[in-house]
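Here are the chains, one letter per residue:
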Amino acid sequence: MVIFIRSRPLLRALRRPAAGRALVTSGVCAALVAGAAVGPAQAASGPPAVPSLSALSWEVMDARTGTVLAARAPHRRLPPASTLKTLFAVTVLPHLRQDTVHRASSADLAEVAEGSSEVGVAEGHRYTVADLWRGVFLSSGNDAVHTLARLNGGLSRTLAQMQATARRIGARDTQVRSPDGFDTPGQYSSAHDLALVAREGFKNPDFRRYMGTKWARFPAAGGPDAYEIQNTNRLLVGSHGVEPYPGLIGVKNGYTTQAGTTLVSAATHAGRTILVTVMNPQDGDFNAVYEESRTLLDWGFATPAPQPPKQQAGPLRAAAPATAPTRQVPEEAPGLPRHLGAAAALLVLTCVPLILRRRLRARRTRS
């Protein structure tokens, strides 16, 4: 900051050492006080503060542009649990007709891990491919996943395709070892990768329909053995003490012993879609993954929407995601404004005695 002094009496006063030093000291203190007063007002008029959450990793993305609005350890490699089913769906959905009818066999269910979540695929019963996808998205059914994997040409082929899909969309933090996300050594993903997968899924109308379905009959054809299934995403349907989030359109939740709770969620308001990934909250409450996702969705909608990159003249090229700065949150977000305010206050308190001593010395000299 540069100060121009035009007052001649003031310039003459500054030539006296004691007066000059006292005036400069007063000016510094006044500037500190002014800065402390202006700082909070400026912060209040800007974007809202990034929330402090317990999750090991999370990310907020503008779904239209792909811009990451804020994140904490977004590339940290963690077990994904059933959120990995989104990658399975992105990979396999285009290869199977939804109206294909399949009679389930023991071979379909042979590799379902013990302790898996299941929708209830029964050997000898007939299901459409659409039935099985509802079992994947609503009930997180590993039995439905493995049945679809066999229809897709087998487990090995499906795993290779899933890994190839991850690489194609830039999900380089992901290593696939199972199609359903069940805890498997060497399997991991990240908050950023899962957001990329979900954004890729939005391009498929079947993916969008299944991820937002709240209730369905399994199988849809009915019969004496049919029953209703409900989406296990509590933020979508509202259950177990969790209020549904207004405008939520999907996507997928998950839980395993190693992964903890995970959730990929997306909501739309006024034509804008915010995509949030939360992995393994440390809060201890099973509903924490839903409430922390709610907090991030609220924050995302409160921030200004990023502008897409402008198209340049010449040959048409695929538009890259907007490159607005990402607000990275450290592992332990410090209270920087609070610390700066305390430092400013301390400096002011240090300046006041100096001014008082100089004034007292000046009075004694005059007397």
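Rules of the game
Residues numbered from 1 in each chain as written. Predicted model: local features only at pLDDT ≥ 70, side-chain atom pairs only at ≥ 80, totals over all residues. Heavy atoms only, no water. Helix = DSSP H or I, 4+ residues; strand = E, 2+ residues; numbered from the N terminus. Buried < 20%, exposed > 50% of the residue type's maximum accessible area, 1.4 Å probe, protein only. Contact = heavy atoms within 4.5 Å. Areas by Shrake-Rupley, 256 points an atom, 1.4 Å probe, with all protein chains shown as cover. Expected span 1.5 Å × (residues − 1). Polar contact = N/O pair within 3.5 Å; in protein donor to acceptor, adjacent residues only side chain to side chain. Phe/Tyr/Trp six-rings, centres within 6.5 Å; stacked < 30°, edge-to-face > 60°. Lys NZ or Arg CZ within 6 Å of the ring centre and 35° of its normal.

**So, the overall build of the protein**
Inference 1: A count of helical and extended segments in the protein gives 12 helices and 10 strands.
Inference 2: When burial is assessed residue by residue, the protein has 47% of its 367 residues classed as buried.
Inference 3: Counting only contacts in the protein whose residues sit at least 6 apart along the sequence, the fraction spanning at least 24 positions is 63%.
Inference 4: Accessible area for the protein stands at about 19300 Å²; split by element, carbon and sulfur atoms hold 57% of it.

**Brief notes about helix H7 (residues 155–168)**
Inference 1: The end-to-end C-alpha distance of H7 is 20 Å, a good match for the 20 Å that 14 residues give at a rise of 1.5 Å each.
Inference 2: Residues of H7 that are buried include every one of Thr-158, Leu-159, Gln-161, Met-162, Gln-163, Thr-165 and Ala-166, and no others.
Inference 3: Residue Gly-170 follows H7 closely and has a positive phi angle near 90°.

**Some points on the side chain of Gln-175**
Inference 1: When you line up the elements, Gln-175 lands in the loop between H7 and helix H8 (191–201).
Inference 2: A polar contact is formed between the side chain of Gln-175 and the side chain of Gln-163, at a distance of 3.1 Å.
Inference 3: Leaving out residues up to four positions away in the same chain, Gln-175 has contacts with Gln-163, Arg-167, Gly-186, Gln-187 and Tyr-188.

**Considering the packing of aromatic side chains**
Inference 1: Per the counting criterion, the structure on display carries seven aromatic pairs.
Inference 2: Relative to Trp-133, the ring of Phe-88 lies with its centre 5.5 Å away and its plane at 45°, an arrangement referred to as tilted. Placement of the pair is Phe-88 in helix H3 (residues 85–92) and Trp-133 in helix H5 (residues 129–137), with a sequence separation of 45 residues.
Inference 3: On the basis of relative accessible area, Phe-88 is assigned to the buried category, the value being 0%.
Inference 4: Relative accessible area serves as the criterion here: at 0%, Trp-133 is assigned to the buried category.
Inference 5: Taken together, the ring pairs in this structure connect Phe-88, Trp-133, Phe-137, Phe-207 and Tyr-210 into an aromatic cluster.
Inference 6: Lying over the aromatic face of Tyr-210, Arg-209 brings its terminal NZ or CZ to 4.9 Å of the ring centre.

Remember, this is a structural readout, not a statement about activity or role.
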